Amino acid sequence: MSAGPRIVIFGAGSIGCHVGLTWLAAGLDIRFVGRPSVVQAAADEGACVEGDDESHLFAPMDLVVSDRPDILADADIIALCVKTTDDLEAARAITAHARPGTIILSLQNGVENASRLQPLLPGMTIVEGMVPYNVIRPTPTHVRKTSAGNIIVARNAVLEAALAPLKSTASPVEFVDEMRAVKWSKLLLNLNNPLNALSGLTLHEQLSDCAWRRLLATLQSECLEVMSAEDIEPAKLGPLPPRLIPHFLTTPDWFFNRTGLKLQKITRDARSSMADDFAAGRRTEIDFLNGTVVGHGRRHGVPCPANETVVDLVKHAECGARKSWKAGEIAELINRRMAGGAS
Ligand SMILES: NC(=O)C1=CN([C@@H]2O[C@H](COP(=O)(O)OP(=O)(O)OC[C@H]3O[C@@H](n4cnc5c(N)ncnc54)[C@H](OP(=O)(O)O)[C@@H]3O)[C@@H](O)[C@H]2O)C=CC1
Ligand SMILES: CC(C)(CO)C(=O)C(=O)O
């Protein structure tokens, strides 16, 4: 058992299980709060984490997984891994059980997590993190990393010490001073989440098709305009400066598929986390992704018809309307909105 700080993963889903099991394999003191189905699966089958050419198996006795948030009481760090739509319920449990001053590391997508969480969690120290890669979960406790990248976290001395053992592993965590730039850069990638969900395709199939990439490029161009209006320069997370990515996306399939898809190491079974929400019939994080672009665009007078169209389609789909679209159909709706028509 590790003598380091105790880390409780709140939300044992795709990211929670991937991060928690990877850190457990590195010898960190990890516990999980999850749904009863995850508690049962951990007790029956143990767990498995795959990715970065490694896999780790855990026997039931290696795991502490509970559906009772009272295990938060002796947490030094809580890694918040629920969907942003579940923040309120999570915050209530944390406030009721965790010690004041506990570090809450948000590993959620979205650019405004710290400012949204702080009033929900007064007295706690909120730190933002960013998970650049995709994870799929074939069974409740079997997770697989399905694209490239390592976690980035805002500089924080306690977290840097706690996560130092990861330095020598395949999954080191990078600490940065400018987290806002990192989060907005990730938002550019997450603008694809609704497109992937609405396409019904895997990420590999969808991104192999220039028609979908052109749509993503349009969503990103609007977001980059909004960032300029807000004086945000997105961080360079890969080989390309973020402002060049929309151009790269519109290169021919033969070129993009041999470069972009390969660089990102996107496996054939990856799907966006919003596609998971569609499949489970859950509310999505659209308000915190493309919806953020629309909101900031309105504030700055930057038109965002493509993001507006996609937000509408996802919201309608959440209410039971059509979930599966072709890229050309979405492009047509965007064109109509740009021309001032209804979508
Ligand atoms: N999946 C991915 O590849 C990536 C996801 N992200 C981000 O990470 C965050 C988590 O996403 P992801 O892991 O996909 O989501 P999941 O839905 O897979 O995991 C969240 C888990 O938390 C559970 N949960 C929610 N509230 C509670 C609660 N109060 N008590 C116990 N368990 C709870 C959920 O259960 P239930 O479903 O029953 O509500 C679910 O099992 C999101 O912000 C997402 O955008 C970032 C990068 C990649
Ligand atoms: C890694 C990425 C961008 C994959 O789509 C993601 O963040 C998600 O699925 O939510």
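See the structure shown above.
Since we're looking at a predicted model, the values are computed, not measured.

### Some words on the site of ligand 2
Here's step 1: Residues in contact with ligand 2, as listed here, are N109, P132, Y133, N134, K186, N190, N193, L203, S272 and S273.
Here's step 2: K186 places a side-chain nitrogen or oxygen 2.8 Å from an oxygen atom of ligand 2.
Here's step 3: One of the side-chain N or O atoms of N193 is found 3.0 Å from an oxygen atom in ligand 2.
Here's step 4: When isolated, ligand 2 has an accessible area of 280 Å², and the protein chains bury 89% of it.
Here's step 5: Each residue belonging to the shell around ligand 2 can be placed in one class, and the counts come to three nonpolar, six polar and one charged.
Here's step 6: Both domain 1 (6–177) and domain 2 (182–338) contribute no fewer than three residues apiece to the shell around ligand 2.

### Describing the sheet that holds strand β11 (residues 152–154)
Here's step 1: Strand order in the open sheet formed by eight strands is β5-β2-β1-β6-β7-β8-β11-β12, with mixed pairing between adjacent strands. The open sheet terminates on both sides in strands that have one partner only, identified here as β5 (65–66) and β12 (174–176).
Here's step 2: In the sheet, β11 pairs with β12 via three bridges, with the strands oriented parallel. If you follow V153 over to β12, its bridge partner there is F175.
Here's step 3: Helix-sheet contacts for helix α4 (residues 113–120) involve β6 (77–80), β7 (103–106) and β8 (125–130), and the interaxial angle to β8 is about 150°.

### Some words on the packing of helix α13 (residues 290–300) against helix α14 (residues 305–318)
Here's step 1: Relative to each other, α13 and α14 sit at 135°, their axes nearing to 9 Å. One way to sum up the angle between α13 and α14 is to call them oblique. The crossing of α13 and α14 is left-handed. Across from N290, G291, V293, V294 and R298 in α13, the residues of α14 making contact are N307, E308, V310 and V311.

### Some points on the site of ligand 1
Here's step 1: Taken together, 24 residues are adjacent to ligand 1, and I15, N109, V135, R282 and E285 come closest.
Here's step 2: Taking K83, its side chain carries an N or O atom lying 3.3 Å from an oxygen atom of ligand 1.
Here's step 3: Measuring from a nitrogen atom of ligand 1, one finds a side-chain N or O atom of E89 at 3.1 Å.
Here's step 4: Summarising the interface, the protein chains cover 89% of the accessible area of ligand 1, which totals 890 Å² for the free molecule.
Here's step 5: The set of elements that each furnish at least two residues to the shell around ligand 1 consists of α1 (14–25) and β9 (135–139).
Here's step 6: Within the shell around ligand 1, the residues separate by chemical class into eight nonpolar, eight polar and eight charged.
Here's step 7: Built from parts of two domains, the shell around ligand 1 gets at least three residues from each of domain 1 (6–177) and domain 2 (182–338).

How each quantity is defined
- Residues numbered from 1 in each chain as written.
- Chains lettered and ligands numbered in written order.
- Predicted model: local features only at pLDDT ≥ 70, side-chain atom pairs only at ≥ 80, totals over all residues.
- Heavy atoms only, no water.
- Near = heavy atom within 4 Å.
- Polar contact = N/O pair within 3.5 Å; in protein donor to acceptor, adjacent residues only side chain to side chain.
- Areas by Shrake-Rupley, 256 points an atom, 1.4 Å probe, with all protein chains shown as cover.
- Nonpolar A, V, L, I, M, F, W, Y, C, P; charged D, E, K, R; others polar.
- Domains from an automatic or database assignment.
- Pairing = 2+ DSSP bridges.
- Helix = DSSP H or I, 4+ residues; strand = E, 2+ residues; numbered from the N terminus.
- Contact = heavy atoms within 4.5 Å.
- Axes fitted to C-alpha atoms, helices over the stretch in contact; angles between N-to-C directions.
- Parallel < 35°, antiparallel > 145°, perpendicular 65-115°, else oblique.
- Left-handed = near helix turned anticlockwise from the far one by under 90°.

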